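Below, each chain spelled out in residue letters.
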Amino acid sequence: MTDLTPITFSETDIDQIAGHAGRLAVFLEPSGRLDVGARRINKLTKGALARLVEGARFANLKPGEVLSLTYPSGMAAEAVDVVHLPRRADVALARKAGAALAKLRSDSDLLLLAASTNRVADVAFGLVMRDYTFQDHKSAAKPRKGSVTVMCAKPDDTREAAAPMLAVAEGAFMTRDLTNAPANVLTTSAFAEQLVAMESLGLKVEVLDEDELASLGMRTLLSVGQGSDSPSKVVVMRWEGGAKDNAPLALVGKGVVFDTGGISLKPGAGMEDMTMDMGGAGVVSGVMRTLARRKAKANVVGLVGIVENMPSGNAIRPGDVVKSMKGDTVEIINTDAEGRLVLCDVMWYAQERFKPAAMIDLATLTGAVIIGLGHENAGVFSNDDALCNAFLKAAESEHEGAWRLPLGQGYDDQLKSRIADMKNVGGRPAGSITAAQFLKRFVKDETPWIHLDIAGVASVKSETTLAPQGATGWGVAALNRLVADRFEKG
Ligand code: BES
Ligand code: MN
Ligand code: ZN
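This write-up is about the structure you can find in this document.

**Quick look at the packing of aromatic side chains**
For the structure on display, the rule yields 3 aromatic pairs. The ring of Tyr132 carries Arg176 above its face, with NZ or CZ at 5.1 Å from the centroid. Above the ring of Phe442, the side-chain terminus of Lys326 is found at 5.5 Å from the ring centroid.

**Some words on the environment of Ala76**
Looking at the secondary structure, you find Ala76 in the loop between strand 3 (66-70) and strand 4 (79-84). Taking C-alpha positions, Ala76 is 5.0 Å from Ala21, a pair spaced 55 residues apart along the chain. Each residue touching Ala76, except ones within four places of it in the same chain, is listed here: Ala18, Gly19, His20 and Ala21.

**A word on the packing of helix 5 (residues 120-130) against helix 6 (residues 155-180)**
Packing of helix 5 against helix 6 brings their axes to within 9 Å, and their N-to-C directions diverge by 20°. Judged on the interaxial angle alone, helix 6 and helix 5 are roughly parallel. In the crossing of helix 5 with helix 6, the sense of the turn from one axis to the other is right-handed. Of the residues in helix 6, those in contact with Val120, Ala121, Asp122, Phe125, Val128 and Met129 of helix 5 are Thr158, Ala161, Ala162, Met165, Leu166, Val168, Ala169, Ala172, Phe173 and Arg176. In terms of residue class, the contact of helix 5 with helix 6 is built from 13 nonpolar, 1 polar and 2 charged.

**Things to note about the coordination of the zinc ion (ligand 3)**
Looking at the zinc ion (ligand 3), one finds its protein donor set to be Lys254 (NZ), Asp259 (OD), Asp277 (OD) and Glu338 (OE), positioned 2.0 to 2.4 Å from the metal centre. If you look at the zinc ion (ligand 3), its 6 donor atoms make angles of 77 to 174° with each other, and the shape they trace is octahedral. Of note, the zinc ion (ligand 3) draws all its donor residues from one chain, in the sequence arrangement K-x4-D-x17-D-x60-E. Between the zinc ion (ligand 3) and the manganese ion (ligand 2) the interatomic distance amounts to 3.1 Å, and Asp259 serves as a bridging ligand to the pair.

**Looking at the pairing of strand 9 (residues 249-259)**
When you tally the buried positions in strand 9, you get 11 out of 11 residues, the bulk of the element. Where strand 9 meets strand 10 (residues 299-309), 9 bridges bridge the pair, whose relative direction is parallel. Looking across to strand 10, one finds that Leu251 is bridged to Gly302. For the segment spanning strand 9, helix 10 (residues 279-293) and strand 10, crossover handedness is right-handed. Bridge analysis of strand 9 against strand 13 (residues 358-363) gives 5 bridges, and the strand direction is parallel. Considered in strand 13, the bridge of Gly253 is made with Leu362.

**Brief notes about the sheet that holds strand 11 (residues 321-323)**
Strands sit in the order 11-12-16 across an open sheet of 3 strands; the sheet is mixed. Pairing within the sheet leaves two strands with one partner each, and these edge strands are strand 11 and strand 16 (422-423). The sheet contact formed by strand 12 (residues 329-331) and strand 16 spans 2 bridges and is parallel. Considered in strand 16, the bridge of Glu331 is made with Lys423.

**Thoughts on the side chain of Thr117**
Locating Thr117 in the fold gives a position in the loop between strand 5 (110-114) and helix 5. Residue classification places Thr117 among the buried positions, given a relative accessible area of 14%. Once residues within four sequence positions are removed from consideration, Thr117 is found in contact with Phe27 and Leu85.

**Things to note about the pattern of salt bridges**
Evaluation of the coordinates by the stated rule reveals 31 salt bridges. The partner of Glu170 in a salt bridge is Arg289, with the nearest N and O atoms 2.9 Å apart. Placement of the pair is Glu170 in helix 6 and Arg289 in helix 10, with a sequence separation of 119 residues. Here Glu170 and Arg289 have matching classes, each one buried.

**Some points on the pairing of strand 13**
Two faces make up the sheet, and in a regular strand the side chains alternate between them. Of all the 6 residues making up strand 13, 6 are buried; the element is thus mostly covered by neighbouring parts of the structure. Going residue by residue along strand 13, you find Ala358, Ile360 and Leu362 tucked away on one face and Met359, Asp361 and Ala363 tucked away on the opposite face as well. Looking at chain direction, strand 13 and strand 17 (residues 449-453) are connected through 5 bridges and run parallel. Looking at the pairing, Ile360 lines up with Ile450 of strand 17.

Calculation notes
- Residues numbered from 1 in each chain as written.
- Chains lettered and ligands numbered in written order.
- Predicted model: local features only at pLDDT ≥ 70, side-chain atom pairs only at ≥ 80, totals over all residues.
- Heavy atoms only, no water.
- Phe/Tyr/Trp six-rings, centres within 6.5 Å; stacked < 30°, edge-to-face > 60°.
- Lys NZ or Arg CZ within 6 Å of the ring centre and 35° of its normal.
- Helix = DSSP H or I, 4+ residues; strand = E, 2+ residues; numbered from the N terminus.
- Contact = heavy atoms within 4.5 Å.
- Axes fitted to C-alpha atoms, helices over the stretch in contact; angles between N-to-C directions.
- Parallel < 35°, antiparallel > 145°, perpendicular 65-115°, else oblique.
- Left-handed = near helix turned anticlockwise from the far one by under 90°.
- Nonpolar A, V, L, I, M, F, W, Y, C, P; charged D, E, K, R; others polar.
- Donors = N, O, S within 2.8 Å, 3.2 Å for Na, K, Ca; no water.
- Tetrahedral: all angles 85-135°; square planar, octahedral: opposite > 155°, others 65-115°.
- Buried < 20%, exposed > 50% of the residue type's maximum accessible area, 1.4 Å probe, protein only.
- Pairing = 2+ DSSP bridges.
- Right-handed = clockwise from strand over helix to strand, strands pointing away.
- Salt bridge = Lys/Arg side-chain N within 4 Å of Asp/Glu carboxyl O.

Spelled out as structure tokens, the structure:
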């Protein structure tokens, strides 16, 4: 897994400033008032910092942005990064500032002089989250070098505040690595193996193979994988950090390691992006890692359906009818609407086995959600306002875009089939909603449920605040917060 940048928190020692050979960062308010670290730098550089701060470039610097003083004389450093950060900065701004520092760091040791900075833990989180590159397949890649030292007012408190955030970063890095991985590397078996390896963190992990899935009756899931030489699997990860008799939260993820469309083959252009079609399962895996890392006091079970959607002489065809584990029959109109076929069986299994207090599924389910919401927001669908609002609030405080879309009988009617209980597609209108309606047919009345369509946010073509181009890890922070807010109380 891609390593997190090593980060340590210590008391401020301004005598280390002159000799620090990497980069230094100082935080300045709009007023430009220099704190103790900045004053030492200013003295060493014979007033260079003050001149920079008095100049027009600092005046034009937006909050969260950085200006660099390179190779300052009188110091060993290669640069002093001057961060514009108001004292009352909110979480978003603090994270943005950290991310800006990460982009400048390269392989240098970075010393943050944050003696009078608020929200230091959030700065650290932004820094670590943005300091990510996926270089598993770069032959020239060397191990990343350099570390980050944060000198701040209360290092013990800050370290403690940062610890759960770093657990989130670690989960998000796992999600990104999985989602970025090519399909010949992250095969269904390789994916399952990586999840089994999380047993060392205290998770209980089971892998259900095709024979077991067949005897459970998961025929719609198996139908998706039947054209592939890679075996379909369901992996169950349990984190039991809560009271013994507390019903768990169930997280269910779509793990299509590659989606060719099957016999309803996708066009060639852009098909390579479908390596990310296991993004939902990637988020579930990352959240489970985060919960284990921070030893969350909650019961959470993560279930992922891992399959590959390939055309072959053995693949499922349009027109075929398949019976789900629930017992409902599905007429396959389009083999490219495969995610819902995977999820419906795993969701049914999750409810039958765990009787969860709530269930949240995540999937790169529809191209239509990208048309509707772009790459800014995931589509949110729910049968339970209280749960849904709690999630939207968690997503908002983590700055992960999420927007609720409606469900309704009229949309469900689009799934009517002449020959079976339902079709697997509802036509072009409201494609994301009819996909959600399909899933809803596999949600029991008593199960509070959220469906997250993350096709637009799981992986992006241009960088976001906290992630470079590629997989974002969207959802790990929001779901972790939802667990903390709603499933760890009492
Ligand atoms: N994996 C795709 C959805 C997708 C599209 C994810 C773009 C990420 C980026 C999904 O399996 C799919 O193919 N959906 C079809 C559904 C249609 C056949 C009803 C789609 O969106 O075109
Ligand atoms: Mn598809
Ligand atoms: Zn798909």
